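Tertiary structure, described
Here is how the chains run, residue by residue.
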Amino acid sequence: MNYFNYKQDEFIKVDEGKILRVDINPQKACIFNCVMCNHKKTMYMGEWHDFGPVEDSLKYLGEKIVQENPELVEVYGQGDVLTNTNLGAVIDCIHNHGLPVRILTNSYLVGIGEHMRLASMCEEVVAAIGLTNEADFKKIHRPLEEMDLTAAKQIESLVTFSKQYKGKLKLRIFLLKGYNDSDEKVKELKSVIDRVNYDSLWVATTQKLSISDERVEEIIEVLNTK
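Conventions and cut-offs
- Residues numbered from 1 in each chain as written.
- Predicted model: local features only at pLDDT ≥ 70, side-chain atom pairs only at ≥ 80, totals over all residues.
- Heavy atoms only, no water.
- 1 Å grid on protein atoms, 1.4 Å probe; cavity = no way out; pocket = protein on both sides within 12 Å on 5 of 7 lines; lining within 4 Å.
- Points joined across faces, edges and corners; volume = space filled by probe spheres on them.
- Helix = DSSP H or I, 4+ residues; strand = E, 2+ residues; numbered from the N terminus.
- Nonpolar A, V, L, I, M, F, W, Y, C, P; charged D, E, K, R; others polar.
- Buried < 20%, exposed > 50% of the residue type's maximum accessible area, 1.4 Å probe, protein only.
- Polar contact = N/O pair within 3.5 Å; in protein donor to acceptor, adjacent residues only side chain to side chain.
- Contact = heavy atoms within 4.5 Å.
- Core = buried A, V, L, I, M, F, W, Y, C linked by side-chain atoms within 4.5 Å.
- Phe/Tyr/Trp six-rings, centres within 6.5 Å; stacked < 30°, edge-to-face > 60°.
- Lys NZ or Arg CZ within 6 Å of the ring centre and 35° of its normal.
- Axes fitted to C-alpha atoms, helices over the stretch in contact; angles between N-to-C directions.
- Parallel < 35°, antiparallel > 145°, perpendicular 65-115°, else oblique.
- Left-handed = near helix turned anticlockwise from the far one by under 90°.

Volume-wise, the largest pocket comes out at about 1,200 Å³. Contributing to the lining of the largest pocket are 44 residues, with Leu104, Ala128, Arg172, Phe174 and Trp202 lying nearest its centre. In terms of residue count, strand S8 (residues 168-175) provides more of the lining of the largest pocket than any other element does, four residues in total. For the lining of the largest pocket, the class distribution of residues is 18 nonpolar, 16 polar and 10 charged.

Inspection of the secondary structure puts Asn84 in the loop between strand S5 (72-76) and helix H2 (87-96). Owing to a relative accessible area of 1%, Asn84 belongs among the buried residues under this scheme. Here the side chain of Asn84 touches Asn25 through a polar contact of 2.9 Å, side chain to side chain. Within polar-contact distance, the side chain of Asn84 engages the backbone nitrogen of Asn86 at 2.8 Å. Apart from residues lying up to four places away in sequence, Asn84 is in contact with Ile24, Asn25, Trp48, His49 and Phe51.

One pass over the full model with this rule turns up one cavity of 30 Å³ or more. Put simply, the largest cavity is a space of about 40 Å³. What lines the largest cavity is Gly130, Leu131, Thr132, Asn133, Asp136, Tyr179, Asn180, Lys185 and Leu189. Residue composition of the lining of the largest cavity, grouped by class: three nonpolar, four polar and two charged.

Take the nonpolar core next. Phe4, Leu61, Val75, Ile103 and Val125 are the most contacted members of the largest nonpolar core, which has 65 residues in total. Discounting chain neighbours no more than four positions away, the residues touching Leu61 are Phe4, Tyr6, Leu20, Val22, Val90, Cys93 and Ile94.

Let us look at unusual backbone geometry. Backbone geometry at Ser107 places phi at a positive 85°, although glycine is not the residue there. With respect to the helices and strands, the residue Ser107 is situated in the loop between strand S6 (101-105) and helix H3 (113-120). Despite not being glycine, Asp148 shows a phi value in the positive range, around 55°. Residue position: Asp148 is located in the loop between helix H4 (134-141) and helix H5 (151-164).

Turning our eyes to something else, we now look at the packing of aromatic side chains. In total, this model carries nine aromatic pairs according to the counting rule given. Plain terms: the ring middles of Tyr3 and Phe4 are 5.3 Å apart, the flat faces sit at 85° to each other, and that makes the pair edge-to-face. Accessibility assignment for this pair places Tyr3 and Phe4 in one class, buried. Plain terms: the ring middles of Phe174 and Trp202 are 5.8 Å apart, the flat faces sit at 80° to each other, and that makes the pair edge-to-face. With Phe174 in strand S8 and Trp202 in strand S9 (residues 200-205), this residue pair connects regions lying 28 residues apart in the sequence. Phe174 sits in the partly exposed class, given a relative accessible area of 25%. Looking at Trp202, the relative accessible area reads 44%, which means it is partly exposed. One aromatic cluster is present, formed by Tyr3, Phe4, Tyr44 and Phe51 through successive ring pairs. The ring of Tyr76 is capped by Arg21, whose NZ or CZ atom sits 4.2 Å from the centre of that ring. When the ring centre of Tyr6 is taken as reference, the NZ or CZ atom of Lys64 above it lies at 5.1 Å.

Time to look at the packing of helix H1 (residues 55-68) against H2. Contact pair H1 / H2: the axes reach a minimum separation of 10 Å and the direction vectors enclose 30°. Looking at the two axes, H1 sits roughly parallel to H2. Handedness of the H1/H2 crossing: right-handed. Residues Leu58, Leu61, Gly62 and Ile65 of H1 pack against Ala89, Val90, Cys93 and Ile94 of H2. Classifying every residue of the contact of H1 with H2 by side-chain character gives seven nonpolar, one polar and no charged.

Dropping the structure here:
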């Protein structure tokens, strides 16, 4: 059974050309259960989740690649694709068709063990981060207490990954009203991203806990200051 999802807006024209976007998580699997997430409640909270046999999904993915002839395949999912036990097979399938891979991740697992190996196989990684304060981290991301997840560990994971990664690392900074939009919190955030080896920085607010466009622009200017 094919469980990968291809939306109507699966092909996006950008500078690097035509992109095929594939959602490999049929249900939300993540280490977080974030307040602002558009995918609602996390169904499977943990470091790994197996959605079952992937052969039919990979076969269909290969057919889509041949049919549509994209220039890059973006792998994303409800939650975080780094928790999907079949991510390696997905990356191999795309590479076997001679195409580069981009993955989207929340950064926490990207510098840890097998997760880091898988992320390092990709030509591009888009990594999200935004909270440096431990209390804010737990309130917004709502991790399971027994997993002992912390903002400090997320930061170190991202820094560790960036120091050894050979591809393009794109940082996504999500701004949340009352949590990371003050001058003090922006300064803390800048001190974090200054430790990361990244290629580009994308900053935006969220639908929930949104801040003004003017404040976003002010923060962008601060974060981009060398």
